[in-house]
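One letter stands for each residue in the lines below.
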Amino acid sequence: MPVIGTIFYAFLAIVAVGSALGMLINRNAIYSALFLVLNFATVAVLYLALGAPFIALSQITVYAGAIMVLFLFVITLLGAEKLPGYEPIKGHRIVAIGLAFVFIAELVLFFFFRNQVTGPIPLIGPEFASPRNIGVLMFTEYLLPFEVVAFILLSATVGAIMLTKPERKSTTKLSQQQD
Amino acid sequence: MTRMIDIYSILPVMIVAGWALLLLVVDLWIPRHRKGITALLAAIGLAIALGFVLASSGNTILGFNQMVVLDGFSSFMQVLFLVSGMVAVALAYDYIQRMNINHGEFYVLMMFSIAGMMLMSQAYNLLMVFLALELLSIPLYVLTGFARTRLESEEASLKYFLLGAFASGFVLYGTALIFSATGQLDFVGIAAVVTAGSANSVLFLIGAALLLVGFGFKIAAVPFQMWTPDVYQGAPTPVTAFMSVAVKAAGFAALMRVFLVLFPSLSEHLTPILWVMAALTMIVGNIVALAQNNIKRMLAYSAIAHAGYILMAFVAFGNGEVVGNTVAATLFYLVAYGLTSFGAWALVIVIEREYGKGILLDDLAGIGKHYPWLGVAMLVFMLSFAGVPLTMGFWGKFYLFRTAVQAGYIGLAIIGLLTSVASAYYYLRVVVYMFMKPGEPKLQINPWVSLVIGVAALAVLLLSLIPWTILELASRAVLLLQ
């Protein structure tokens with residue numbers, strides 16, 4: 001792996017571990033959830049660097065997108081967490097403007113270098129993680145694990161319904177009263 | 001391509017899982033007061049699967065690109081799981097009616113869990129080991145909390161879930177490290193890389209240790225036993241009985257398969273760890289059980305202690321000369337312990353008049369006088385737990401100790417012997433309360449539960465006259481070692 005790849009990987013690894021720790025340590029559930037989003041996004045970037053854009057985007061849409069939105073929804077619906085009314089980071093507007101310029105600079109750089117094919121980490125192969133290959137693997141070599149996962153999800157669903165569905169005691173009692 | 005032989009290799013698992021799916025749908029049309037039909041259908045499904053296991057035993061097949069294996073070991077374990085499942089259904093039928101938690105999903109979830117255990121005994125790929133672990137665990141978290149209006153049941157479920165998820169994390173991380181050390185997930189590939197000497201030995205060892213933590217949680221070995229007493233006490237008693245027999249057996253199935261196939265080369269590092277774990281498990285389980293006056297908690301600590309005895313024989317897993325004896329003695333002990341344990345838990349079900357009520361030692365008073373055959377049955381189970389001759393428990397311990405001594409772990413065998421003697425105190429105290437204390441117990445005895453008690457007591461006594469038949473079956477259940 002070239003030096004630039006090592007630096008790139010080390011940066012992502014530090015962010016990933018740091019955000020995981022932040023999620024664990026933070027007492028506020030909303031901050032924890034947002035740290036988790038950052039963690040998922042960092043891992044997605046790792047997938048991207050490894051030449052697996054499909055898996056990276058699945059990670060973003062499924063975990064960072066759908067599941068985390070659900071998490072945040074539940075947290076805010078329960079209303080257990082109150083965010084402080086003031087701005088917790090002093091001068092965060094200035095930092096935000098600075099970061100926005102960095103982002104613009106990135107966009108410009110991307111525009112100029114968009115046809116370069118080199119990546120920071122050597123790739124296994126261009127078709128390695130294409131949706132087609134993933135699908136073929138999933139339904140041939142990994143067919144049995146795939147089916148087992150289906151059963152795990154089903155049993156979790158049945159369990160969740162069992163543990164949350166309200167008792168139906170009244171129906172039998174009503175019919176007995178009518179008799 | 002999926003070949004017929006692949007299907008054949010996991011046919012019993014498919015039957016159990018598919019039957020559970022059908023039962024989930026059929027149960028919708030079974031009225032609430034007729035849930036006995038669901039129980040009967042679940043038992044029939046398990047019996048059919050049992051028939052297929054027996055019919056397909058004796059073959060050795062690698063199926064689904066070496067994801068699973070069908071061999072003598074998996075067949076033996078699957079018979080154990082399926083019979084445990086049927087016994088648990090028999091125990092649960094009356095219990096969940098009395099406790100007013102009579103939902104058909106109880107049996108469906110139990111069948112899902114059994115399917116997971118059966119896959120666990122067949123897994124030949126670390127991915128399958130992890131998925132089987134999840135499939136057997138998730139329904140159990142729900143079953144533990146099945147009496148969910150009861151606080152103790154919910155508490156047990158939450159504790160089991162949180163710690164179980166934590167343990168699954170260890171297994172997954174261990175799997176990831178082993179993958180990064182060898183670049184392989186299936187056992188054949190990992191074993192080949194390790195034999196070639198091209199594995200990263202540090203990562204491989206850390207991965208193995210993490211897997212040991214995860215499996216140690218499932219078999220409730222010290223220091224990963226913290227959840228056991230609370231979960232065993234809070235869960236519905238038939239679920240506890242099922243957990244103490246089948247889940248423990250599934251944990252040992254995973255431990256044996258993974259360690260004997262993948263980690264013999266690490267035995268130099270892992271043996272001292274296992275030695276300490278076995279010694280601590282025997283000591284802590286037995287000593288803390290002395291102080292319990294709730295029977296469910298006492299049996300929970302006793303279950304921990306019995307895992308310690310099995311670990312004692314397992315310490316020698318890297319010693320090629322005794323490893324066959326280790327497997328045979330472990331399988332024999334799982335059978336002996338399972339029979340005794342189901343009998344003892346069935347008795348707890350009989351005396352439990354309300355959820356979590358009536359299961360203190362004082363509640364046993366007078367049972368020996370008013371229900372003499374229950375008293376005698378409990379005497380048999382307690383003697384078998386303590387390892388007194390003329391019971392299966394004695395032969396189980398005999399074979400385990402013999403294996404430990406053969407492998408040269410005499411210190412461990414002495415610890416086992418001493419803790420065994422100490423355990424006789426709390427086992428016999430149960431009998432003393434039953435026969436010596438005056439009391440007027442009022443018990444409602446369901447015929448299915450008494451059938452379980454009777455058959456278990458007879459089996460514990462009669463099979464102890466011919467223990468070598470079971471041992472020979474266990475010896476034939478050799479692992480596919482490559």
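Note that the coordinates shown come from a computational prediction; the quantities given were computed from them, not determined experimentally.

Before going further, it helps to examine the overall build of chain A. Helix and strand counts for chain A stand at seven helices and zero strands. For chain A, the N- to C-terminal ordering of α and β elements is α-α-α-α-α-α-α. A buried classification covers 21% of the 179 residues belonging to chain A. Across chain A, every contact between residues at least 6 apart in sequence was considered, and the portion connecting residues at least 24 apart equals 65%. Split by element, the accessible area of chain A, about 13200 Å² in all, is 74% carbon and sulfur.

Here the focus is the interface of chain B and chain A. Contact residues are listed per partner, giving 27 residues for chain B and 22 residues for chain A. Across the chain B to chain A interface the summed buried area is about 2300 Å²; carbon plus sulfur atoms make up 77%. Where chain B meets chain A, there are zero salt bridges. Counting every contact that joins chain B to chain A gives two residue pairs in polar contact (both at pLDDT 80 or more). Of all the elements in the fold, those that place two or more residues in the side of chain B that touches chain A are helix H2 (11–26), helix H5 (105–122) and helix H6 (126–144) of chain B. At eight residues, H6 of chain B tops the list of elements feeding residues into the side of chain B that touches chain A.

All names here are of chain B. Inspection of the secondary structure assignment puts Asp71 in the loop between strand S2 (68–70) and helix H4 (72–98). A residue is classified by how much of its surface remains accessible, and Asp71, at 1% relative accessible area, is buried. In this structure the side chain of Asp71 is engaged in a polar contact, spanning 3.0 Å, whose partner is the backbone nitrogen of Ser74. For Asp71, the side chain forms a polar contact with the side chain of Arg257, separated by 2.8 Å.

This paragraph deals with the pattern of salt bridges. All names here are of chain B. All told, the structure shown has nine salt bridges over all chains when counted by the stated rule. Of the charged contacts in the structure, one is a salt bridge between Asp27 and Lys35, with a shortest N-O distance of 3.1 Å. Where Arg353 meets Asp363, a salt bridge forms, and the shortest distance between an N and an O atom there is 3.9 Å. Here the residue Arg353 occupies a position in the loop between helix H14 (323–351) and helix H15 (367–370), and Asp363 occupies one in the loop between H14 and H15, the gap between them amounting to 10 residues. For Arg353, a relative accessible area of 54% gives the class exposed. Note on Asp363: relative accessible area 28%, which makes it partly exposed.

This part covers the packing of helix H17 (residues 392–406) of chain B against helix H18 (residues 410–436) of chain B. All names here are of chain B. H18 packs onto H17 with a crossing angle of 155 degrees between their chain directions and a minimal axis gap of 8 Å. In this view, H17 runs roughly antiparallel relative to H18, as classed from their interaxial angle. For H17 against H18, the interelement crossing comes out left-handed. Along its contact with H17, which presents Lys397, Phe401 and Val405, the element H18 presents Ile410, Ala413, Gly416, Leu417 and Ser420.

Before going further, it helps to spend a moment on the nonpolar core. Grouped together as the largest cluster of nonpolar side chains are 197 residues, with contacts concentrated most on Phe259, Phe263, Leu311, Leu331 and Phe381 of chain B. Top contributing element to this core by residue count: H14 of chain B, with 20 residues. Those residues in contact with Phe381 of chain B that lie beyond four places of it in its chain are Thr340, Gly343, Ala344, Leu347, Ile453, Ala456, Ala457 and Val460 of chain B. The next biggest cluster of nonpolar side chains, apart from the first, holds seven residues, and it includes Leu36, Phe40, Ala64 and Met68 of chain A.

All names here are of chain A. For chain A, the average pLDDT comes to 83, and 82% of its residues sit at 70 or higher. The spread of mean pLDDT over the elements of chain A runs between helix H7 (residues 170–178), the lowest at 46, and helix H6 (residues 143–164), the highest at 93. Across residues 170–179 the pLDDT falls below 50, and counting only partners more than four positions away or on other chains, this stretch makes zero contacts in the model.

Criteria and thresholds
- Residues numbered from 1 in each chain as written.
- Chains lettered and ligands numbered in written order.
- Predicted model: local features only at pLDDT ≥ 70, side-chain atom pairs only at ≥ 80, totals over all residues.
- Heavy atoms only, no water.
- Helix = DSSP H or I, 4+ residues; strand = E, 2+ residues; numbered from the N terminus.
- Buried < 20%, exposed > 50% of the residue type's maximum accessible area, 1.4 Å probe, protein only.
- Contact = heavy atoms within 4.5 Å.
- Areas by Shrake-Rupley, 256 points an atom, 1.4 Å probe, with all protein chains shown as cover.
- Buried area = accessible area lost by both parts, 1.4 Å probe.
- Salt bridge = Lys/Arg side-chain N within 4 Å of Asp/Glu carboxyl O.
- Polar contact = N/O pair within 3.5 Å; in protein donor to acceptor, adjacent residues only side chain to side chain.
- Axes fitted to C-alpha atoms, helices over the stretch in contact; angles between N-to-C directions.
- Parallel < 35°, antiparallel > 145°, perpendicular 65-115°, else oblique.
- Left-handed = near helix turned anticlockwise from the far one by under 90°.
- Core = buried A, V, L, I, M, F, W, Y, C linked by side-chain atoms within 4.5 Å.
- pLDDT = per-residue confidence, 0-100.

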